[in-house]
Amino acid sequence: MRRAVCPGSFDPIHNGHVEIIARASNLFDEVIVAVSTNYAKKYRFEPDERLEMVRETIGGLRGVSVEPMGDGLLADFCKLHGADAIVKGLRSTVDYQYETPMAVMNRHLTGVETVFLAADNRYMHLSSSLLKEVQSLGGDVADYLPRTVLKRLRSNTP
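All figures in this text were calculated on a predicted structure; none of them were measured in a lab.

K.L.:
Just give me the short version of the sheet that holds strand β4 (residues 85-90), but keep the residues and values in it.
P.N.:
Strand order in the open sheet formed by 5 strands is β3-β2-β1-β4-β5, with parallel pairing between adjacent strands. Where the open sheet ends on each side, the last strands, each with one partner, are β3 (64-68) and β5 (113-118). Neighbour to neighbour, the strand axes of the sheet diverge by 30° on average, direction disregarded. Bridging between β4 and β5 involves 6 bridges; their strand directions are parallel. Bridge pairing in β5 places Gly-89 opposite Leu-117. Seen against the sheet, helix α1 (residues 15-27) touches β1 (3-8), β2 (30-35), β3, β4 and β5 and runs at an angle of roughly 125° to β5. Sheet strands touched by helix α2 (residues 47-58): β2 and β3. Its angle to β3, the strand with the most contacts, is close to 180°.

K.L.:
Tell me about α2, residues and numbers included.
P.N.:
A rise of 1.5 Å per residue sets the reference length of α2, with its 12 residues, at 16 Å; its end C-alpha atoms lie 17 Å apart and thus fit the reference within 8%. Every buried residue belonging to α2 is among Arg-50, Leu-51, Met-53, Val-54 and Ile-58, and all of these are buried. Across the axial projection of α2, the buried residues extend over an arc of 165°, all falling on one side. On its buried face, α2 sits against α1, β2, β3 and α6 (147-155).

K.L.:
Quick one: what's the story with a nonpolar patch on the surface, residue by residue and with numbers?
P.N.:
Together, Leu-73, Met-105 and Leu-109 line one region of the surface with nonpolar side chains, adding up to about 280 Å² of accessible area. With respect to the secondary-structure elements, Leu-109 resides in helix α4 (residues 93-110).

K.L.:
Describe unusual backbone geometry, and please don't skip the residues or the numbers.
P.N.:
In this chain, Asp-11 is followed by Pro-12 through a cis amide linkage whose omega measures 0°. The phi dihedral of Phe-10 is positive, around 50°, even though this residue is not glycine. Inspection of the secondary structure assignment puts Phe-10 in the loop between β1 and α1. Classification of Phe-10 by relative accessible area gives buried; the value is 4%.

So, how was this worked out
- Residues numbered from 1 in each chain as written.
- Predicted model: local features only at pLDDT ≥ 70, side-chain atom pairs only at ≥ 80, totals over all residues.
- Heavy atoms only, no water.
- Pairing = 2+ DSSP bridges.
- Helix = DSSP H or I, 4+ residues; strand = E, 2+ residues; numbered from the N terminus.
- Axes fitted to C-alpha atoms, helices over the stretch in contact; angles between N-to-C directions.
- Contact = heavy atoms within 4.5 Å.
- Expected span 1.5 Å × (residues − 1).
- Buried < 20%, exposed > 50% of the residue type's maximum accessible area, 1.4 Å probe, protein only.
- Arc of directions from axis to C-beta.
- Patch = residues over 30% accessible without salt bridge, like charges linked within 9 Å, V, L, I, M, F, W, Y side chains within 5 Å.
- Areas by Shrake-Rupley, 256 points an atom, 1.4 Å probe, with all protein chains shown as cover.
- Salt bridge = Lys/Arg side-chain N within 4 Å of Asp/Glu carboxyl O.

Following this line, the structure appears as structure tokens:
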């Protein structure tokens, strides 16, 4: 069985994330979406809320589960869960330059490979930060977020 991990903070999960996770589920027998927390970031949603939104959004995808990543290294999380690969979506060369050193380090630490999937053109400009900012300033982001996530984002606007 081939197992992959799709990591991210998903604050909140958006359609670009969903598209990468769905494509990963077609490539691997099992995909674990690892919801992480980067303590250097300021989050709109608490970890439990992010986990719940991800579960609500991708619950219908075959072979996909959602787990909190917890503290520690992604490579160790992958090893603990028997993952063969990490799947990361790339929007641009900037993402590639950011992700490549981590991919090399993860392979060095535990042998886990990183698979890069190019984002669909419809979502190349998306980031959770951009969507939160546009929504908080009154912009319409409905085309980019699952409905349940959009509802939560609207009710959680600072």
